[in-house]
Amino acid sequence: MTDEPHGLDRGLTNYGDRDFARYLRRSFARSMGISPRLLNKPVVGIAMTPSGFNNCHRGMPELVEAVSRGVLEAGALPRPFPTVSLGEVFLNPTSMVYRNLMAMDTEEMILAQPMDAVVLIGGCDKTVPAQLMGAASADLPAIQLVTGPMSTGRHRGQRLGACTDCRGFWAKYRAGTVDDEEIAEVEGRLSVTQGTCAVMGTASTMACIAEALGMSLPGTAAIPAVHSDRLVAAEETGRAAVRLIETKIRPSRVITQKSVENAVRVLMAVSGSTNAIVHLTAIAGRLGIRIPYERFNAISDETPVLVDLKPVGDGYMEDFHAAGGMGALLRELRPLLHLDTVDIEGRTLAERLDEPETWVDRAVIRPFADPVSPQGGLITLGGSLAPDGAIFKRAAATPGLFETEGRAVVFTGLEDLSARIDDPDLDVTPDDILVLQNAGPHAAGMPEAGYLPIPKKLARAGVKDMVRISDARMSGTAFGTIVLHVAPEAAIGGPLAAVRDGDRIRLSVKEKRIDLLVAPEEIARRLAAHEPPPAPKRGYKALYRRSVTQAPEGCDFDFLAGAAPDHP
Ligand code: FES
C-alpha cells in the first residue's frame with residue numbers, strides 16, 4: 001500500500017479538522033455494527049440498483065450478498081450503496097431521459113464516498129451504459145457485473161421470451177389473428193423469471209459489450225439470472241474488485257480505442273441492438289474516444305453475424321450461454337480483434353483466448369467460415385434526410401425493402417402517431433414510407449418509438465413490414481425495415497422536419513443512403529419556417545434539454561463528455 005489514504009480514510013468530510021472527520025466517520029461506521037478490525041480494511045463499494053420499479057433487477061439482494069462474500073473473503077470491506085435504478089418499461093416519457101442522470105449519480109457517488117474500488121451491478125437497458133459512463137469518468141478501479149438474462153416461458157408448446165415474442169404476439173393481436181383471451185394468457189408467460197430481456201436486446205448486447213471491453217469477468221455476460229453460476233460469478237467479481245485495489249487498473253486503461261473497436265465487432269457479430277451504438281458512443285466519449293460512423297460501417301461490412309439469437313434469429317440468451325457464450329464468440333472473431341487490449345484482470349485478450357476452448361454448440365454460435373450472415377447486423381446511413389447519419393439494422397429488416405422509393409406518410413409527433421395510425425381513413429398503402437418527426441433527444445428524450453406500428457388496416461390485410469423512418473430509437477428486441485436515430489433530429493431543424501405528406505423518399509441500403517427527393521431550395525424554405533418545440537423551464541428536464549447531444553455523440557450531456565476528470 002502507498003501512503004495515500006485508503007478505505008474509510010479516503011475523501012474525508014470537510015469540517016476543517018481531518019482527525020475529527022476521521023474519528024466521527026469511524027464512530028458512525030461502528031454504529032452499523034462493523035468491527036474496528038474491518039474498519040481498517042480497504043473498501044469496495046457496490047453500486048446496487050434494486051427497485052420496486054425494476055423487475056430486471058429482482059435478484060439484486062442475492063447478487064449484492066454474493067459480491068460482498070467475495071470482497072470479505074479477499075480481505076476488504078464491502079459497502080453497498082444505492083444509485084438511481086432504471087426499469088425500462090416503468091419510466092415516462094422514456095428511460096433514455098434518465099440514463100445520464102444515473103450516470104451522474106454513479107460517478108458522483110463513486111467519487112464522494114470512501115471506496116478503493118467499485119463493483120457496478122446493473123442489467124436493464126440503460127443501467128449498464130449509465131454505470132460504465134459514470135465509472136469511466138470517475139476512473140476509480142471498477143468492475144461491471146450484470147444481473148443476467150431471463151429464462152424463457154412456455155405458451156401452448158412455444159418458447160416465449162421478452163421481448164421479441166411480446167412484439168410478435170402484439171402484431172398478431174393487432175392483425176386479428178390472436179384474440180383477447182390468448183393475449184391475456186401470453187401476458188403472463190413472457191417474463192417469467194428475474195433478469196433482463198431473454199433475447200439479444202439492448203440489455204444483453206450491453207452485457208456482451210461490457211465483457212468485450214474487458215470491464216466484466218470473462219464468461220459472465222450471458223449466465224442466466226437464475227443460474228447458480230451467476231452467484232458464483234458475483235462472488236468472484238467481489239474478489240476481483242479487491243485485486244483491482246492492488247493492481248490499480250482503472251477504466252481508462254481498459255476502455256481504449258482498441259477495446260471499443262473490439263466491442264463494435266461483438267455488437268456486429270451478435271447482431272445486437274441499435275441502442276448499443278448510442279450507449280457505446282457515450283461510454284467511449286467519456287474517455288475522449290470517438291467512433292466515426294464510417295468506422296462503424298467498415299467494421300460492419302467485414303464482421304459476420306455469428307450468433308443465431310432473436311430478434312434476428314432463433315435462440316435466446318440462455319441458449320447462447322449453454323452454447324459457449326462470449327468466450328466461444330470471441331475465439332471465432334479472433335482474426336478481427338485487437339488482441340493486446342487489457343481487461344480488468346490485467347490480462348490481454350490474446351492470453352484469454354489462448355486458453356483451451358470448451359464445447360461449442362455450432363447451431364447457436366456459428367464458425368467464422370459458416371456465418372448466419374456474412375456482414376454485420378447494423379449499418380449507418382447518410383444522405384439528404386440524415387446529413388449527420390442514421391442507423392439501420394439490416395439484419396432485422398426485409399431484404400425486399402432494402403432499395404425502396406416511396407411516398408411519405410408523415411406523423412408530426414408521438415401524439416399525432418397514436419391519434420392517427422389506426423384511423424381507417426388514413427391515406428396509406430403498403431408501398432408508402434411512414435415518417436415520424438419530433439421523437440429525437442431534444443423533442444421527446446428519444447423514446448423507443450421508431451418501431452412505428454403497421455397501420456391496423458394494412459396489418460389486417462397481411463402487411464408485415466414497411467419502411468419506417470424517425471429520429472427516435474427502437475427497442476433492441478424489435479425488428480423491421482426501420483431507419484432510426486436520424487440526425488440532426490427534426491426538433492433542432494434537421495431535414496426530417498421538412499418532410500411533408502406525399503414527398504418522395506428513397507432508401508438505398510446498397511448505397512447506405514436515405515434521401516428526401518425534394519429540391520434543396522424547397523427543403524431550405526420549409527426549414528426556415530421551422531419552430532423548435534417549447535423547452536421545459538425547470539429541474540432535470542430543463543438541464544436535459546439544454547445539454548443533451550445528438551445520437552452520433554451518444555446523447556450524453558455536453559458537459560460530461562470528454563477525457564479529463566475534473567474532480568478534486
Ligand atoms: Fe429490462 Fe428488457 S425491460 S432488459
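Notes on the structure in this doc start here. (Residues numbered from 1 in each chain as written. Predicted model: local features only at pLDDT ≥ 70, side-chain atom pairs only at ≥ 80, totals over all residues. Heavy atoms only, no water.)

## Focus on the sheet that holds strand 11 (residues 467-470)
What holds strands together in a sheet is hydrogen bonding between their backbones, with the strands either parallel or antiparallel. Stated formally: DSSP bridges decide pairing: two strands pair if at least two such bridges lie between them. Numbered from the N terminus, helices here are DSSP runs of H or I no shorter than four residues, and strands are runs of E no shorter than two. Angular values range over 0 to 180 degrees, each being the angle between N-to-C directions of two axes fitted as lines to C-alpha atoms, with helices fitted over their stretch in contact. Two residues qualify as a contact provided that any one of their heavy atoms is within 4.5 Å of a heavy atom in the partner residue.
An order of 7-8-12-11-10-9-13-14 is seen for the eight strands of this open sheet, with the pairing classed as mixed. The open sheet has two free edges, formed respectively by strand 7 (378-381) and strand 14 (513-516), since each of these has just one partner strand. The mean angle between the axes of side-by-side strands here comes to 25 degrees, regardless of whether they run parallel or antiparallel. Pairing between strand 10 (residues 433-436) and strand 11: four bridges, direction parallel. By the bridge assignment, Leu434 is partnered in strand 11 with Arg468. Together, strand 7 and strand 8 (389-393) form the strand contacts of helix 13 (residues 293-302), whose direction differs from that of strand 7 by roughly 145 degrees.

## Overview of the pairing of strand 4 (residues 142-146)
Let me state the cut-off plainly: A simple rule labels every residue: compare its accessible area, found with a 1.4 Å probe on the protein chains alone, to the largest value its type can have, and call it buried under 20%, exposed over 50%, or partly exposed in between. Viewed with both strands pointing away, a crossover whose connecting path from the first strand over the helix to the second turns clockwise is right-handed.
Burial of strand 4 is extensive: five of the five residues sit out of reach of the surface. Of the two faces of strand 4, both are covered, the one formed by Ala142, Gln144 and Val146 as well as the one formed by Ile143 and Leu145. When strand 3 (residues 117-122) meets strand 4, the two strands line up parallel, connected through five bridges. Among the inter-strand pairings, Val119 is bridged to a residue of strand 4, identified as Ile143. Crossover connection from strand 3 via helix 5 (residues 127-138) to parallel strand 4: handedness right-handed.

## Some thoughts on the packing of aromatic side chains
Note the cut-off: Any two rings among Phe, Tyr and Trp, with Trp reduced to its six-membered ring, count as a pair given centres within 6.5 Å; such a pair is stacked if its planes are under 30 degrees apart, edge-to-face if over 60, and tilted if neither. In this scheme, the term charge over a ring applies when either NZ of a lysine or CZ of an arginine sits within 6 Å of the ring centre and within 35 degrees of the ring normal.
Enumeration over the complete set of coordinates arrives at twelve aromatic pairs. When the centroid spacing of 6.3 Å and the interplanar angle of 65 degrees are considered together, the rings of Phe53 and Phe90 count as edge-to-face. Residue Phe53 is located in the loop between strand 1 (43-48) and helix 3 (60-73), and its partner Phe90 is located in the loop between strand 2 (77-82) and helix 4 (96-112); the two are separated by 37 residues in the primary sequence. Ring geometry for Tyr293 versus Phe296: centroids 6.2 Å apart, planes at 75 degrees, classification edge-to-face. Placement of the pair is Tyr293 and Phe296 together in helix 13, with a separation of three residues, close to one helical turn. Clustering of aromatic rings is evident, with ring pairs tying together Tyr98, Tyr540, Tyr544, Phe557 and Phe559. The positively charged end of Lys172 is found above the aromatic ring belonging to Phe169, 5.0 Å away from the centroid.

## Considering empty space enclosed by the protein
Convention followed: The distinction between a cavity and a pocket rests on a 1 Å grid over the protein atoms alone: a 1.4 Å probe fits inside a cavity but cannot get out, while a pocket stays open yet meets protein on both sides within 12 Å along at least five of seven lines, and a residue with an atom within 4 Å of a point counts as lining. Grid points are joined across faces, edges and corners, and a volume is the space filled by probe spheres set on the points. Amino acid classes used here: Ala, Val, Leu, Ile, Met, Phe, Trp, Tyr, Cys and Pro are nonpolar; Asp, Glu, Lys and Arg are charged; the rest, including Gly, are polar.
Summed over all chains, the structure comprises two cavities of 30 Å³ or more. When its volume is computed, the largest cavity comes out at roughly 100 Å³. In terms of lining, the largest cavity is formed by 14 residues, of which the most central are Glu211, Ala212, Gly214, Asp343 and Leu349. Going through the elements one at a time, helix 8 (202-213) and helix 16 (349-354) are the ones with two or more residues in the lining of the largest cavity. With three residues, helix 8 is the single largest residue contributor to the lining of the largest cavity. Across the lining of the largest cavity, the residue classes tally to six nonpolar, four polar and four charged. Of the voids in this model, the second largest cavity is the one considered here, and its volume is about 50 Å³. Lining the second largest cavity are Gly123, Val146, Thr147, Gly148, Pro149, Thr196, Ala203, Ser204, Ala207, Ala221 and Met317. For the lining of the second largest cavity, the leading source of residues is helix 8, giving three residues. Here the lining of the second largest cavity is composed, by residue class, of six nonpolar, five polar and no charged.

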